[in-house]
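Close look at the chain arrangement
Chain residues, written in single-letter form:
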Amino acid sequence: QVRLVESGGGLVQAGVSLRLSCAASGRTFSSYTMAWFRQAPGKEREFVAAIRWSDGLTYYADSVKGRFAISRDYAKNTVYLQMTSLKPEDTAVYYCATKILGVSYNRDNYPYWGQGTQVTVSS
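So, here's what we can say about the structure.

Things to note about the pattern of salt bridges
- Under the defined criterion, the tally for this structure stands at five salt bridges.
- The partner of Arg 38 in a salt bridge is Glu 46, and the shortest N-O contact between them spans 2.8 Å.
- According to the relative accessible area criterion, Arg 38 is buried, its value standing at 6%.
- In this structure Glu 46 comes out as partly exposed when scored by relative accessible area, which is 32%.
- Notably, a salt bridge pairs Asp 90 with Arg 67, separated by 2.7 Å at the nearest N-O pair. Here Asp 90, found in the loop between strand 8 (78-83) and strand 9 (92-100), pairs with Arg 67, found in the loop between strand 6 (58-60) and strand 7 (68-73); they are 23 residues apart in sequence, far enough to count as distant. Pair check on accessibility: Asp 90 and Arg 67 agree, each one buried.
- Linked by salt bridges that have partners in common, Arg 38, Glu 46, Arg 67 and Asp 90 make up one network.

What follows is the structure, encoded as structure tokens:
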């Protein structure tokens with residue numbers, strides 16, 4: 001079955017960059033979406049970015065648009081989240097998720113999740 005493993009989180013200062021990775025296994029076909037969500041303490045898990053695997057079309061939350069970039073390595077079955085100009089409010093556990101077919105911003109539509117990776121941004 002589908003497995004997702006995130007990596008790349010850490011403790012960084014505001015204004016710097018960080019790249020998260022999510023390695024997927026157990027799925028070969030291209031008709032699906034991969035996405036990043038994040039959850040800060042005391043807050044609901046929220047959509048960050050998504051990419052349509054077939055053609056690479058991307059989607060972003062307003063809070064990260066222009067600062068974050070989602071991309072994929074088709075051969076490696078890996079999705080990345082390149083985060084720049086990090087802010088303290090970006091501090092959260094970042095989760096990789098996937099669903100069949102089209103993009104959704106709703107976390108309830110994603111049946112498969114990774115374990116999460118912590119990103120902490122200090123001021």
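Brief notes about the nonpolar core
- Within the largest apolar cluster, 34 residues are counted, with the highest numbers of intra-cluster contacts made by Met 34, Trp 36, Val 79, Leu 81, Met 83 and Tyr 94.
- Secondary structure elements with two or more residues in this core: strand 3 (18-25), strand 4 (32-39), strand 5 (46-52), strand 7, strand 8, strand 9 and strand 11 (117-122).
- Leave out the neighbours within four places in its chain, and Met 83 touches Val 16, Ser 17, Leu 18, Leu 20, Arg 67, Phe 68, Tyr 94 and Val 119.

Re the packing of aromatic side chains
- Inspection of the entire model under this criterion finds eight aromatic pairs.
- Seen in terms of ring centroids, Tyr 32 and Trp 53 are 5.5 Å apart; in terms of plane orientation they differ by 15°. Their pairing is stacked. Linking Tyr 32 in strand 4 with Trp 53 in the loop between strand 5 and strand 6, this pair joins segments that are 21 residues apart in sequence.
- Following the ring pairs from residue to residue traces out a cluster consisting of Phe 37, Phe 47, Tyr 95, Tyr 105, Tyr 110 and Trp 113.
- For Arg 45, the ring lying beneath its charged end belongs to Tyr 95, and the centroid distance is 3.7 Å.
- Sitting over the ring of Trp 113, Arg 45 keeps its end group 4.9 Å from the ring centre.

As for unusual backbone geometry
- Even without being glycine, Asn 77 reaches a positive phi, approximately 55°.
- Its location among the elements puts Asn 77 in the loop between strand 7 and strand 8.
- Positive phi is not limited to glycine here, since Leu 101 has a value of about 65°.
- As for its position among the elements, Leu 101 is in the loop between strand 9 and strand 10 (112-113).
- Take Leu 101: its relative accessible area is 52%, and that puts it in the exposed class.

What to know about the sheet that holds strand 8
- Reading across the sheet, the four strands line up as 1-3-8-7 and stay open at both edges, with antiparallel pairing between neighbours. Taken across any chain shown, the strands that pair with only one partner, and hence form the sheet edges, are strand 1 (3-7) and strand 7. Taken over all neighbouring pairs, the strand axes of this sheet differ in orientation by 15° on average, direction set aside.
- Relative to strand 3, strand 1 runs antiparallel, the two being bridged by five bridges. Note that in strand 3 the partner of Val 5 across the bridge is Ala 23.

Parameters at a glance
- Residues numbered from 1 in each chain as written.
- Predicted model: local features only at pLDDT ≥ 70, side-chain atom pairs only at ≥ 80, totals over all residues.
- Heavy atoms only, no water.
- Salt bridge = Lys/Arg side-chain N within 4 Å of Asp/Glu carboxyl O.
- Buried < 20%, exposed > 50% of the residue type's maximum accessible area, 1.4 Å probe, protein only.
- Helix = DSSP H or I, 4+ residues; strand = E, 2+ residues; numbered from the N terminus.
- Core = buried A, V, L, I, M, F, W, Y, C linked by side-chain atoms within 4.5 Å.
- Contact = heavy atoms within 4.5 Å.
- Phe/Tyr/Trp six-rings, centres within 6.5 Å; stacked < 30°, edge-to-face > 60°.
- Lys NZ or Arg CZ within 6 Å of the ring centre and 35° of its normal.
- Pairing = 2+ DSSP bridges.
- Axes fitted to C-alpha atoms, helices over the stretch in contact; angles between N-to-C directions.

Any functional reading would require information that these geometric values do not contain.
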